[in-house]
Amino acid sequence: MMNNLFDQFASPTLLNIPLISIAILAPWLMVSTPSKMLMANRPTLFQTWFLKTFTKQIFLPLNTPGHKWSFLLASLMVFLLGMNLLGLFPYTFTPTTQLSINLALAIPLWLATVLIGLRNQLTASLAHFLPEGTPTPLIPALIIIETISLFIRPLALGVRLTANLTAGHLLIQLISTATLVMLQTSTIVSALTFSTLILLTILEIAVAIIQAYVFVLLLSLYLQENT
């Protein structure tokens, strides 16, 4: 049972080719290309509105140097949002349930924010390790704690996204299996379980959107500290 339950997180293959590459490329296929016509179509208008609104909300607290990251973080948001939502469809694979994928996104971007801070404002970046007015006996302990908290940030980004999506998929799998089992014994209980499954699916859609937004928002906060 446990093997079958967690088989949904293994990348399926077609002709011995892992389908994870197709799953990763799928969100980009949904992005419409700009049109040369004066009147744009609805997908293009929605895409433009989404990017403008998202960029405004994310980069409102940032100063001007941080605005250079707008295209990168907007692309990351579209990428995570597409993978999270497409993973809720039947017979699909969700790459963001894999910790390796999430860490591969979190570590380089977090490291880039740290290196930018060390290059542009070395004194201010090092000052984060030791708050002003710290008693002398607590200085070594605070430096160690702040160093650990700094290096745990990318791990927290990846684990948060992985854990939330994995838990949601497991709950959907368990409740859907219970619905099929109850259908043979009690129709009323099966209908109640199916109603719970619908509500859980709506909740997971919200979780998929929120987790993609939180991932990008935390990266923008790390960027704010270093710019």
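Each value, and the rule that gives it
- All residue numbers here refer to positions counted from 1 along the written sequence of the relevant chain.
- A pLDDT threshold of at least 70 governs which residues receive local features in this predicted model, and a stricter bar of 80 or more applies before side-chain atom pairs are shown or counted, although totals over entire chains, interfaces and linings include all residues.
- Processing note: side-chain calculations cover all non-hydrogen atoms of the structure and skip hydrogens and water entirely.
- UniProt positions are given in the numbering used here, feature names are shortened, and annotations may be inferred rather than shown by experiment.
- Numbering of helices and strands runs from the N terminus; a helix is a DSSP stretch of H or I covering at least four residues, while a strand is a stretch of E covering at least two.
- Burial classes follow relative accessibility: with a 1.4 Å probe on protein chains only, a residue under 20% of its type's maximum area counts as buried, one over 50% as exposed, and anything between as partly exposed.
- In this tally, Asp and Glu contribute negative charge and Lys and Arg positive charge; neither His nor the terminal groups of the chain are included.
- For salt bridges, the criterion is a side-chain nitrogen of Lys or Arg within 4 Å of an Asp or Glu carboxyl oxygen.
- Fitted lines through C-alpha atoms give the axes, limited to the stretch in contact for helices. The angle between two N-to-C directions lies from 0 to 180 degrees.
- Roughly parallel means an angle under 35 degrees; roughly antiparallel means over 145; roughly perpendicular covers 65 to 115; every other angle is labelled oblique.
- Each patch is assembled from residues with relative accessible area greater than 30% and no salt bridge, linking like charges that lie within 9 Å and nonpolar side chains (Val, Leu, Ile, Met, Phe, Trp, Tyr) that lie within 5 Å.
- Accessible surface area values rest on a Shrake-Rupley calculation with a 1.4 Å probe, where residue burial reflects the displayed protein chains alone.
- Residue types Ala, Val, Leu, Ile, Met, Phe, Trp, Tyr and Cys, when buried and joined through side-chain atoms within 4.5 Å, form a set referred to as a nonpolar core.
- Contacts: residue pairs with any heavy atoms within 4.5 Å of one another.

As recorded by an unreviewed UniProt entry, the protein chain carries the name ATP synthase subunit a and is attributed to Hoplobatrachus tigerinus. Under Sequence similarities (unreviewed entry), UniProt gives the following word-for-word description of the protein chain: "Belongs to the ATPase A chain family." UniProt, in the comment section headed Subcellular location (unreviewed entry), describes the protein chain in these words: "Mitochondrion inner membrane".

J.: Hey, could you run me through the UniProt feature "transmembrane region" (unreviewed entry) in the protein chain in this one?
T.: Per the UniProt entry, the sites bearing "transmembrane region" (unreviewed entry) are residues 12-31, 69-89, 101-118, 138-158, 170-192 and 198-223 in this numbering. The straight-line gap between the two end C-alpha atoms of residues 198-223 is 38 Å; of that span, 100% is helix and 0% is strand.

J.: What is the right way to look at the side chain of Glu204 in this model?
T.: Here Glu204 lies in helix α9 (residues 187-226). For the buried Glu204, no salt bridge is present, and the opposite-charge side chain at shortest range is Arg160, 14 Å distant.

J.: How should I be thinking about the packing of helix α8 (residues 153-183) against α9 in this particular structure?
T.: In a packed pair of helices, the relevant descriptors are the angle between the two axes and the axis-to-axis distance. In the contact formed by α8 and α9, the axes pass within 9 Å of each other and the chain directions differ by 170°. One element, α8, and the other, α9, form an angle in the roughly antiparallel class.

J.: Explain a nonpolar patch on the surface here, please?
T.: A cluster of nonpolar residues, Leu111, Leu115, Leu118, Leu122 and Leu126, forms a patch on the protein surface that exposes about 430 Å² of accessible area. A per-element tally of the nonpolar patch places helix α5 (residues 99-120) first, with three residues. Judged by its relative accessible area of 47%, Leu126 is partly exposed.

J.: It is not clear to me how the nonpolar core should be interpreted in this structure. Could you clarify?
T.: Nonpolar side chains in soluble globular proteins tend to be buried together. Counting 32 residues, the largest nonpolar core has Leu76, Leu80, Phe215 and Leu219 as the members making the most contacts within it. Looking at this core, the elements that each hand over two or more residues are α3 (42-59), α4 (70-86), α5, α8 and α9. Ranked by residue count, the leading element in this core is α4, at nine residues. Discounting residues that sit within four places of it in the chain, Leu76 has contacts with Leu105, Leu109, Phe215, Val216 and Leu219.

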